[in-house]
Amino acid sequence: MIHLIQVVIVFLVTWICYQPGQAAANYFTAMPVKSGDTLISILRQHGFSEHERDQILSTSTHLQKLFLTLDIKYMLHQDRNLTELRVYDSQTAAAFRILKHNGKITTAPYKPNFKITLVRIEGRVHGSVLGSILAKIDSNFVASRFNDAYAFDIRSARNIKSGASYWFTVQKKYDQGAFIKYGEILQTSIEIDGRIIKKNFVHTTNGSVFFNKSSLTEKRPFYAPVNYLKIASNFQPHRMHPITGRRQPHLGIDFELPSGDPVFAPRQGVVIRHGFSNAAGNYIVLAHSNGMETAYNHLSKINKKIRRGYRVYAGDQIAEVGCTGYCTRAHLHFAIKYKGQMINPIKYIKSYPYRMEQQLAARVALN
Ligand SMILES: [Zn+2]
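Residues numbered from 1 in each chain as written. Predicted model: local features only at pLDDT ≥ 70, side-chain atom pairs only at ≥ 80, totals over all residues.

Asks: Run through the overall build of the protein chain, naming residues and quoting values.
Replies: Assigned secondary structure in the protein chain consists of 7 helices and 21 strands. Counting only C-alpha atoms and orienting by the principal axes, one finds that the protein chain spans roughly 70 × 55 × 50 Å. When burial is assessed residue by residue, the protein chain has 30% of its 367 residues classed as buried. Long-range pairs, those at least 24 residues apart, make up 62% of the contacts in the protein chain between residues at least 6 apart in sequence. (Helix = DSSP H or I, 4+ residues; strand = E, 2+ residues; numbered from the N terminus. Buried ≥ 20, exposed ≤ 12 C-beta atoms within 10 Å, placed from the backbone. Contact = placed C-beta atoms within 7 Å.)

Rendered as structure tokens:
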């Protein structure tokens, strides 16, 4: 009986949710974001005057910060005296409705009820991993997430032989019947040095990581300082500036995260410096018993307890991600110094934060 009631409820909910979606699908068109597009240029293309554009942006700082990439769509409905746009942030769940009706503008946050499907992509590597994936699926986000999954395994491009096979499954998100954007990659596989390595995207209350059993036995001195590792920029000691041609090394790793996300101590340590500088913004430097120092830059907030000499333990929250100092998008710049030299952090950190370890171990034990 309970079973029957559940079935009826599911049916009713499905039916109720389905109706408006179907109706809306008839009048919305999914529009591609084109190269160079910003929210302003999109509004201009659809007949919003400069005054109206200013009015829209002034309603919300989230709208001002809306991040659009070429692999995302927006929805448009245009009628004689009505224009409605639904815009979606590329990297967060944020979305907005922008409505102009008889010259009157309204904007509101919008919670899309995404229908999610899973697609499987497979192929072989020819040239770079990134390029090989981009040849199959037109999304920088997806290709870079696949790279993130193996950031801790692929030490050099030489580890991937030409013709190495790979596959992955990725979420496709639909709003009112139209494909809007890709979601997470959930399962991945690639041949590294002739061995198939698989990783799954694991989500727990303490974070989400790409993971397999051997991730737990990695002998690395630090836990991840954040609970979602999306690499925006790697350690590149010989990086050249694309325009000036001058050497402009990047001596840390950039983890892209929304402003306000927690930053954790990756191991027991002592605060040796903290404060603000024009380049680093709000920063903290910790010293650890293994002789290494770790640094955290561009923080929006430093935990009130942080002061020189303060002892922290693995997993303690020390700050929040931000975009202070020289910074264009919120991220954590994380660096490790050893014997006076900046070293590549990716080789010394585990793929998950301290607080996820037990949950991951429990999952492995279950299998
Ligand atoms: Zn950086």
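Next, the rest of the story.
Asks: Hey, could you go over the domain arrangement of the protein chain for me, with residue numbers and the actual values?
Replies: In terms of domain boundaries, the protein chain breaks down into domain 1 (25-109), domain 2 (113-217) and domain 3 (221-349). Of note, the centres of domain 1 and domain 3, computed from C-alpha atoms alone, are 35 Å apart. (Domains from an automatic or database assignment.)

Asks: So what's going on with unusual backbone geometry? Residues and values would help.
Replies: Despite not being glycine, N102 shows a phi value in the positive range, around 50°. Structurally, N102 is set in the loop between β4 (95-101) and β5 (104-109). Residue N102 is classed as exposed on the basis of its C-beta count, with 7 C-beta atoms lying within 10 Å.

Asks: Kindly report on the sheet that holds strand β9 (residues 195-204), identifying the contributing residues and their values.
Replies: What the 5 strands build is an open sheet, ordered β6-β7-β8-β9-β10; its pairing is antiparallel. The sheet is open, and its two edges are formed by β6 (115-124) and β10 (207-211), each paired on a single side. If you compare each strand with its neighbour and ignore which way they point, the axes differ by 25° on average. Here β9 pairs with β10 via 5 bridges, running antiparallel. Residue T204 lies in a different strand from β10, and its bridge partner there is G207. Taken strand by strand, helix α6 (residues 140-149) contacts β7 (165-175), β8 (178-192), β9 and β10, and its axis lies near 30° from that of β8. (Pairing = 2+ DSSP bridges. Axes fitted to C-alpha atoms, helices over the stretch in contact; angles between N-to-C directions.)

Asks: Can you explain the nonpolar core? Please cite residues and give values.
Replies: Among the nonpolar cores identified, the biggest contains 55 residues, and V142, V263, I284, Y296, L299 and L332 are the most heavily contacted of them. Looking at this core, the element that brings in the most residues is α6, giving 5 residues. Composition of this core by domain shows at least three residues from each of domain 2 (113-217) and domain 3 (221-349). Not counting the four nearest positions on each side in its chain, I284 is found in contact with V271, H274, Y296, L299, I302, I306, I318 and A319. Counting 18 residues, the second-largest nonpolar core is a separate cluster that includes F48, A94, I98 and I180. (Core = buried A, V, L, I, M, F, W, Y, C linked by C-beta atoms within 7 Å.)

Asks: With reference to specific residues and values, describe the environment of Y348.
Replies: Examined against the element boundaries, Y348 turns out to sit in the loop between β21 (341-343) and α7 (357-366). Considering only alpha carbons, one finds Y348 and E191, 157 residues apart in sequence, at a separation of 23 Å. Apart from the residues lying within four places of it in its own chain, the contact partners of Y348 are R220, P221, F222 and I336.

Asks: Account for the confidence of the model for the protein chain, naming residues and giving values.
Replies: Summarising the model, the protein chain shows a mean pLDDT of 90, and 93% of its residues fall at 70 or more. Counting contacts from residues 4-25, a segment whose pLDDT is below 50, to residues more than four positions away or on other chains yields 6 contacts. (pLDDT = per-residue confidence, 0-100.)

Asks: I'd love a proper account of the sheet that holds strand β19 (residues 317-320), names of residues and values included.
Replies: Strand order in the open sheet formed by 3 strands is β13-β19-β17, with antiparallel pairing between adjacent strands. Of all strands in the sheet, those with a lone pairing partner are β13 (262-264) and β17 (301-302), marking the two edges. Bridging between β13 and β19 involves 3 bridges; their strand directions are antiparallel. Along β19, the bridge assignment pairs V263 with A319.

Asks: Can you explain α6? Please cite residues and give values.
Replies: Of all 10 residues in α6, 7 are buried, a share of seventy percent or more. Every buried residue belonging to α6 is among F141, V142, A143, R145, F146, D148 and A149, and all of these are buried. Where α6 is buried, its residues contact α5 (129-134), β7, β8, β9, β10 and β11 (231-233).

Asks: Any chance you could break down the environment of H238 for me, citing the residues and the numbers?
Replies: Relative to the elements of secondary structure, H238 occurs in the loop between β11 and β12 (253-256). According to the C-beta neighbour criterion, H238 is exposed, with 8 such atoms within 10 Å. Each C-alpha atom, one on H238 and one on Y354, is 31 Å from the other, the two residues being 116 residues apart in sequence. Not counting chain neighbours up to four residues away, the residues in contact with H238 comprise R247 and P249.

Asks: Talk me through the environment of F48; I want residue IDs and the actual numbers.
Replies: Mapping F48 onto the fold places it in the loop between α2 (39-45) and α3 (50-58). Sequence separation of F48 and R239 is 191 residues, and the distance between their C-alpha atoms is 42 Å. F48 has contacts with L43, R53 and K100, leaving out every residue within four places of it along the chain.

Asks: Lay out the pairing of strand β15 (residues 281-287) in plain terms, naming residues and giving numbers.
Replies: Within β15, 5 of the 7 residues are buried, which leaves the element mostly enclosed by the surrounding structure. Bridging between strand β14 (residues 269-277) and β15 involves 7 bridges; their strand directions are antiparallel. Counterpart to F276 in the pairing with β15 is N282. Pairing between β15 and strand β16 (residues 292-299): 5 bridges, direction antiparallel. When the sheet's bridge partners are listed, I284 is paired in β16 with Y296.

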